[in-house]
Amino acid sequence: MTRMAEAKSFDIAKREVWEAYKRVKVNRGAAGGDGVTLFMFEQDLSKNLYRIWNRMASGSYLPPPVKRVEIPKGDGKTRPLGIPTVADRIAQMVVQRRLEPLLEPVFHANSYGYRPGRSAHDALRAARTQCWRHDWVLDLDIKGFFDNIDWDLLLKAVRKHTDCRWVVLYIERWLKADVLMPDGTLTARDTGTPQGGVVSPVLANLFLHYAFDQWMVRHHPKVPFERYADDIICHCDSEAEAESLRAALQQRLAACRLELHPEKTRLVYCADANRRGDHAARQFDFLGYTFKPRQAMNRRRRLFTSFSPAVSDKAAKAMRHEIRGWNLKLRNRYDLDALIRQLRPVLVGWVRYYGLFHPSTLERALKTLDHHLVRWAQRKYKKLRMHRARAWDWLTRLQHRAPTLFPHWRAAIMTTER
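Note that the structure is predicted; figures quoted are calculated from it, not measured. (Residues numbered from 1 in each chain as written. Predicted model: local features only at pLDDT ≥ 70, side-chain atom pairs only at ≥ 80, totals over all residues. Heavy atoms only, no water.)

What follows concerns the packing of helix α11 (residues 313–325) against helix α12 (residues 336–354). Viewed as axis vectors pointing N to C, α11 and α12 meet at an angle of 170°, and their least axial separation amounts to 13 Å. In terms of orientation, α11 and α12 fall into the roughly antiparallel class. Here Ala 315, Met 319, Glu 322 and Ile 323 of α11 come into contact with α12, specifically with Val 346, Trp 350 and Tyr 354. Looking at side-chain class alone, the contact of α11 with α12 contains 6 nonpolar, no polar and 1 charged residues. (Axes fitted to C-alpha atoms, helices over the stretch in contact; angles between N-to-C directions. Helix = DSSP H or I, 4+ residues; strand = E, 2+ residues; numbered from the N terminus. Parallel < 35°, antiparallel > 145°, perpendicular 65-115°, else oblique. Contact = heavy atoms within 4.5 Å. Nonpolar A, V, L, I, M, F, W, Y, C, P; charged D, E, K, R; others polar.)

As structure tokens, this is what we get:
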């Protein structure tokens, strides 16, 4: 260790900043409020990383304002997202890498969001199994969760798990950082953590670990649940139990300065071949999938009704909207191979995520792309220009000849309803 490092207020190794940069580089992301992209930051990488280390180690690092971006939601509203600068993302990653190993061993097994070795698919599999075992689901929606996290309660939880002064110091500074609004004005905050910050997911998990997970363990140990960040579903054996749990959680979250959304928090009956009660709410959305009664085939190859997930209508609508936005018919200057190279990464992502259960539902949603491919072919090939039926024949022959050419075609999607 150099004399300069020894003279610093905090023991932060330069290597920690370098490792944090490598993680940020993999995740990429847009420029923050200073307009500096990752490419621009790397033009003088050594100097920029040294500056971050020097300020963090000396205790003088002050986070710049977080850029506010409004992301459209499926219901026509927007979700506020906070975009830190590249340098600030690296600084946050330094803290995140120190904090995460301390918290991972204590987090609940039913918490899946933003944790190493866990995924949304793990949560979906667990939810499907529990829906088969329990008749009712309490679908929870916490109103404006990230914007309403109480700082005092959060910092109390952080201090419970670490005595590292600089970790607590910088988390507090990030919580209090101004927000750079789309119109260029700066806005101060007194609650919440920006959704989009590197350290925000682990802080959100820590807050709900005490506000929800541990409370459930103490007061409702026999009620299974799946939590992915603030998306939560609980499984109950009766409507009365679900109603009682909702009332209790409303009080619990209020004590933690949070509020259940009165309209979006719902009780759902998991109807299937053996459960046919007359209840209006029989479906819910979780992590981009809709759980509802569906036709399935048992081991004897007989159809029956199962309460199971498939890609949600909202997610399917968003995919179709994006496909229309590609304007394939205007890309007739590209040959088929070039078109596939452009589209394949997005399609592979959709198929891998939304094709986990009932992939035939995803196939139907992505049939929209076939219609646009036909229009592209009619603009591309003169012999098909005035003959839509011929264009469809061309696409059908192509699909049979090369069934894996586009990831949404049947051969590329799992053929078994798992």
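Let us now look at the sheet that holds strand β4 (residues 179–180). Two modes of strand pairing occur in sheets, parallel and antiparallel, and in both the strands are linked by backbone hydrogen bonds. Read across the sheet, 4 strands follow the order β2-β1-β4-β5 without closing on themselves; strand pairing throughout is mixed. Only two strands of the sheet have a single neighbouring strand rather than two, namely β2 (78–83) and β5 (186–187). Summarising the sheet, strand β1 (residues 66–72) and β4 pair through 2 bridges and their orientation is parallel. Paired with Lys 67 across the two strands is Leu 180, which belongs to β4. (Pairing = 2+ DSSP bridges.)

This paragraph deals with the sheet that holds strand β8 (residues 266–269). In space, the 4 strands of this open sheet follow the order β6-β7-β3-β8, with antiparallel pairing throughout. Since the sheet does not close on itself, it has two edges, and those belong to β6 (225–228) and β8, each with one partner. Within the sheet, the average angular offset between the axes of one strand and its neighbour, ignoring direction, is 15°. Two strands pair when backbone bridges link them, and strand β3 (residues 136–141) and strand β7 (residues 231–236) are joined in this way by 6 bridges, in the antiparallel orientation. Within β7, the residue paired with Val 137 across the bridge is His 235.

Let's shift gears to the nonpolar core. Membership of the largest hydrophobic core comes to 71 residues, with the highest contact counts inside it found for Met 56, Ile 90, Trp 166 and Cys 234. Broken down by element, the residue count for this core peaks at 10 residues, all from helix α9 (residues 200–219). Excluding residues that lie within four positions of it along the chain, Trp 166 makes contacts with Phe 10, Asp 11, Ile 12, Glu 16, Met 56, Val 94, Val 95 and Arg 98. Listed in part, the 48 residues of the second largest apolar core include Ala 126, Leu 339, Leu 356 and Ala 377. (Core = buried A, V, L, I, M, F, W, Y, C linked by side-chain atoms within 4.5 Å. Buried < 20%, exposed > 50% of the residue type's maximum accessible area, 1.4 Å probe, protein only.)

Now for the pairing of β7. Burial analysis of β7 places 5 of its 6 residues in the buried class, the great majority of the element. Of the pairings in the sheet, the one linking β6 to β7 comprises 4 bridges and is antiparallel in character. Paired with Phe 225 across the two strands is Cys 234, which belongs to β7. Hairpin connection of β6 to β7: 2 residues between the antiparallel strands, including Ala 229 at a positive phi of 55°.

This next bit is on a positive patch on the surface. On the surface, Lys 329, Arg 375, Arg 379, Lys 382, Arg 385 and Arg 388 cluster together into a patch of positive charge. If you trace the backbone, Arg 379 turns up in helix α14 (residues 367–380). Judged by its relative accessible area of 38%, Arg 379 falls in the partly exposed class. (Patch = residues over 30% accessible without salt bridge, like charges linked within 9 Å, V, L, I, M, F, W, Y side chains within 5 Å. Areas by Shrake-Rupley, 256 points an atom, 1.4 Å probe, with all protein chains shown as cover. Salt bridge = Lys/Arg side-chain N within 4 Å of Asp/Glu carboxyl O. Lys, Arg positive; Asp, Glu negative; His and termini not counted. Charge placed at Lys NZ, Arg CZ, Asp CG, Glu CD.)

Per-chain confidence: the protein averages 91 in pLDDT, with 95% of residues scoring 70 or above. Below pLDDT 50 for its whole length, residues 1–5 participates in 5 contacts with residues either more than four positions away or in separate chains. Across residues 411–418, confidence stays below pLDDT 50; counting only partners more than four residues off in sequence or on other chains, it has 24 contacts. (pLDDT = per-residue confidence, 0-100.)

In this section: the environment of Ala 377. Note on placement: Ala 377 falls in helix α14. When the C-alpha atoms of Ala 377 and Arg 388 are compared, they prove to be 9.4 Å apart, with 11 residues separating the residues in sequence.

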